[in-house]
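Here are the chains, one letter per residue:
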Amino acid sequence: MNGTPRGLNRFITGLLGLLLLLLGLGILLVSLVPPVAQAWRDFAAPLVRGLHGAYEATPLPAGSSWLYVVVAVVLLSVILLTIRWIAGQGQGRASLLVERPDHSATDGEVTISGNVAEQLLRAALSGRGDLLGLHVVTYQYRGITALRVRLFPRKGASPQKLVQDVESLLEGLDLMVGHHTPVLVHLGAGTRAMFTREERVR
Amino acid sequence: MTTETLTPEDERRFLDEILRRELTPSRSIAALLAGVLVVLLCVYFLLETILALFRLPGWLIDPDEALNWVAGLPGTGPGPVLALGGAVLAMVGFFFLVSALMPGRRARHSLPHPVLAVVVDDEVVASALARRARLAANVSPAQVMVTVARAQVLVNVRPTSGLRVTDDAVERAVTEELDAMGLSPRPSVTVHLASTGVVGA
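Throughout this document, residue positions are counted from 1 along each chain, in the order its sequence is written. Note on labels: chains are lettered from A, ligands numbered from 1, in written order. Two thresholds apply to this predicted model, a pLDDT of at least 70 for residue-level local features and 80 or more for giving and counting side-chain atom pairs, whereas whole-chain, interface and lining totals are computed over all residues. To obtain the side-chain values, all non-hydrogen atoms of the structure were used and water was disregarded.

1. Comments concerning the interface of chain B and chain A
- Note on definitions: a residue-residue contact is assigned when non-hydrogen atoms from the two residues lie within 4.5 Å. Contacts between the two partners involve 79 residues from chain B, matched on the other side by 83 residues from chain A.
- Buried area between chain B and chain A, summed over both chains or domains, comes out near 7,000 Å², and the portion from carbon and sulfur atoms is 67%.
- A carboxyl oxygen of Asp or Glu within 4 Å of a side-chain nitrogen of Lys or Arg is what we treat as a salt bridge. At the boundary of chain B with chain A, the tally comes to 2 salt bridges.
- The partner of Arg148 of chain A in a salt bridge is Glu22 of chain B, and the shortest N-O contact between them spans 3.2 Å.
- Pairs of N or O atoms are called polar contacts if they sit within 3.5 Å, as long as, within protein, a hydrogen donor faces a hydrogen acceptor (for residues adjacent in sequence, only side-chain-to-side-chain pairs). Where chain B packs against chain A, one counts 22 residue pairs in polar contact (both at pLDDT 80 or more). Two parts placed together each lose some accessible area under a 1.4 Å probe, and the buried area is that loss summed for both.

Printed below as a string of structure tokens:
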């Protein structure tokens, strides 16, 4: 439920994969099949000669050739764009659950922290034997504020019962906060569930 | 920025999209690897380019010499090493391509709900089903193993020696629990009773 750019991830990794695959297969062919190697050399020699010509034709007083400046700028922009793309993975956490103007006589607006939801759910669910832990995170996805409730049930706990109880608690939260929030409930198997026994008595 | 309340239809559409994202992998690890690879390569090329710009000797190889070497492949070096390098590159490329093109699936099921978006890890489903199967077969937890895949639940039971267990009873119990859960898509149940029992369990 975060802002990871999934379409972009698939496109860029796919493009990079295709390029590497073609490059690798090309090297494989050139190194193993002599006719292909000859064809490659015949194809590449004029290109390299052309590049050397371009290099000689573009002198720079302080350095060698301003073609290198162009290459450096292109490389630098590729680096910056890649870093920006990687930094966008997993973004989208928000801290406020509610933020709205208050139409009363007093100035100001109403903000409610996402921690309120976490504290309320934690307090309400603390006595349960079939639950080992929970995390509540507020996310902002497509401009909509939503809650992600992660529950870690004990081994053997019935998921539908937990979901039922959490739903009624969330209704209470909506009433308390005075605002309805979309919620994702995720029942996960954490490492703690692996090392604890099933609940024997209820 | 203000938080507004959505209409029920908009909220359902929003939750459905979130569900779809929760059930498929984000490929962020492949993306991270690809990004690191691209940045490292570009930083190295940038270094060599700037050295060549100021007529300094290259760090590992001069761009001029590198171009000549590429154009003269396979050159005089050991052929098998070059071929191996090509094969490794092609394999790395294949890995990225497959991770981008395959539809992919996380080990989770969605649990349809009128107002929430609910996803359950397959391990959680398996442990709940194992508990029911264990109670139905009257065996200890170590004698039951449940695997949950997208469309199939496989229940393996090793009965206690001397106590009669029918796979019908186990299957009925597990199916009942699955019905109560209401997973989507609903997996089919296969029960497998081991032919040998456990002594003294």
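That covers the picture; the talk isn't over yet.
2. A closer look at the pattern of salt bridges
- One pass over the full model with this rule turns up 14 salt bridges over all chains.
- Where Arg122 of chain A meets Glu118 of chain A, a salt bridge forms, and the shortest distance between an N and an O atom there is 2.5 Å. With Arg122 of chain A and Glu118 of chain A both in helix H4 (residues 115–125) and 4 residues apart, this pair spans about one turn of that helix.
- Summary of the burial criterion: residues with accessible area below 20% of their type's maximum are buried, those above 50% are exposed, and those between are partly exposed, where the area comes from a 1.4 Å probe applied to protein chains only. Accessibility expressed as a relative area gives 35% for Arg122 of chain A, which makes it partly exposed.
- Owing to a relative accessible area of 14%, Glu118 of chain A belongs among the buried residues under this scheme.
- Ionic contacts of the salt-bridge type, sharing partners, join the residues Arg148 of chain A together with Glu22, Arg106, Arg108 and Asp121 of chain B into one network. Labels follow the DSSP assignment, with helices taken as runs of H or I lasting at least four residues and strands as runs of E lasting at least two, numbered in each case from the N terminus.

3. Quick word on a nonpolar patch on the surface
- Where nonpolar side chains cluster on the molecular surface, the patch consists of Trp66, Val69, Val70, Val73, Val74 and Val78 of chain A and spans about 470 Å² of accessible area.
- As for its position among the elements, Val73 of chain A is in helix H3 (residues 67–87). Note on patches: the residues involved have over 30% relative accessible area and no salt bridge, like charges join within 9 Å, and the nonpolar side chains Val, Leu, Ile, Met, Phe, Trp and Tyr join within 5 Å. Per-residue and other accessible areas follow the Shrake-Rupley method at a 1.4 Å probe size, with only the shown protein chains counted as cover for residues.

4. Side note on unusual backbone geometry
- In this structure, the amide linkage connecting Ser184 of chain B to the following residue, Pro185 of chain B, adopts the cis form with an omega of -5 degrees.
- The topology assignment puts Pro185 of chain B in the loop between helix H6 (167–181) and strand E5 (188–193).
- If you check the backbone angles, Arg142 of chain A has positive phi at about 55 degrees while not being a glycine.
- By secondary structure assignment, the location of Arg142 of chain A is in the loop between strand E3 (131–141) and strand E4 (144–153).

5. Things to note about the domain arrangement of chain A
- Domain delimitation follows an automatic or database domain assignment. Here the domain parsing of chain A yields domain 1 (6–87) and domain 2 (96–195).
- Put simply, the middle of domain 1 of chain A and the middle of domain 2 of chain A, counted by C-alpha atoms, are 50 Å apart.

6. With respect to the environment of Gly92 of chain A
Residue and element names in this part refer to chain A.
- Positionally, Gly92 belongs in the loop between H3 and strand E1 (96–101).
- Remark: the alpha-carbon pair of Gly92 and Thr145, spanning 53 residues in sequence, is separated by 9.7 Å.
- Beyond its immediate sequence surroundings of up to four residues, Gly92 is in contact with Thr138, Tyr139 and Gln140.

7. Notes on the confidence of the model for chain A
- The quantity called pLDDT is the predictor's confidence in a given residue, expressed from 0 to 100. For chain A, the mean per-residue pLDDT works out to 86, and 96% of the residues sit at or above 70.
- Within chain A, helix H6 (residues 191–195) of chain A has the poorest average pLDDT of any element, 72, and H3 of chain A the best, 93.

8. Quick word on the UniProt feature "domain: DUF6286" (unreviewed entry) in chain B
- UniProt positions are given in the numbering used here, feature names are shortened, and annotations may be inferred rather than shown by experiment. Mapped onto this structure's residue numbering, the UniProt feature "domain: DUF6286" (unreviewed entry) falls at residues 92–193 of chain B.
- Taken end to end, residues 92–193 of chain B is 40% helix and 25% strand, and its first and last C-alpha atoms sit 43 Å apart.

9. A few points about the nonpolar core
- Grouped together as the largest cluster of nonpolar side chains are 48 residues, with contacts concentrated most on Leu151 and Val185 of chain A together with Val146, Val155 and Val170 of chain B.
- For this core, the element with the most residues is helix H5 (residues 122–137) of chain B, which contributes 8 residues.
- When near neighbours in sequence (up to four residues on either side) are disregarded, Val185 of chain A contacts Val149, Leu151, Val166 and Leu170 of chain A together with Leu116, Ala117, Val118 and Val119 of chain B.
- One finds Met1 and Leu184 of chain A together with Phe14 and Val119 of chain B within the second-largest nonpolar core, a separate group that totals 13 residues. To define a nonpolar core, start from buried Ala, Val, Leu, Ile, Met, Phe, Trp, Tyr and Cys residues and group those joined through side-chain atoms within 4.5 Å.

10. Some thoughts on the packing of aromatic side chains
- Aromatic contacts are taken between Phe, Tyr and Trp rings whose centres are within 6.5 Å, Trp giving its six-membered ring; a plane angle under 30 degrees counts as stacked, one over 60 as edge-to-face, and the others as tilted. Applying the stated rule across the entire model yields 6 aromatic pairs over all chains.
- With centroids separated by 6.1 Å and ring planes inclined at 40 degrees, the aromatic side chains of Trp40 of chain A and Phe43 of chain A adopt a geometry described as tilted. Remark: Phe43 of chain A and Trp40 of chain A occur in helix H2 (residues 34–57); sequence separation between them is 3 residues, near one turn of the helix.
- Classification of Trp40 of chain A by relative accessible area gives partly exposed; the value is 27%.
- The class of Phe43 of chain A is exposed, set by a relative accessible area of 52%.
- Each ring, one from Tyr44 of chain B and one from Trp59 of chain B, has its centre 6.1 Å from the other, and the planes form 55 degrees; the classification is tilted. One end of the pair, Tyr44 of chain B, is in helix H2 (residues 28–53); the other, Trp59 of chain B, is in the loop between H2 and helix H3 (63–71), and 15 residues separate them in sequence.
- Among the aromatic residues, ring-to-ring pairing joins Tyr44, Phe45 and Trp59 of chain B into one connected group.

11. Quick notes on the packing of helix H1 (residues 6–32) of chain A against H2 of chain B
- For every element, the axis is a line fit to its C-alpha atoms; helices are fit only across the contacting stretch, and the angle between N-to-C directions ranges from 0 to 180 degrees. The interhelical angle for the contact between H1 of chain A and H2 of chain B, taken along N-to-C directions, is 55 degrees, at an axis separation of 9 Å. As the angle between them shows, H1 of chain A and H2 of chain B are arranged oblique. Our pair here, H1 of chain A against H2 of chain B, has a crossing hand that is left-handed. Across the interface between the two elements, Asn9, Thr13, Leu16 and Leu20 of chain A from H1 of chain A touch Ser28, Ala30, Ala31, Ala34, Leu37 and Val38 of chain B from H2 of chain B. Put simply, angles under 35 degrees are roughly parallel, angles over 145 are roughly antiparallel, angles from 65 to 115 are roughly perpendicular, and the rest are oblique. A clockwise turn of the near helix away from the far one marks a right-handed crossing, whereas an anticlockwise turn of less than a right angle marks a left-handed crossing.

12. A closer look at the domain arrangement of chain B
- When its domains are assigned, chain B resolves into domain 1 (25–101) and domain 2 (108–193).
- On a C-alpha basis, the centres of domain 1 of chain B and domain 2 of chain B stand 50 Å from each other.

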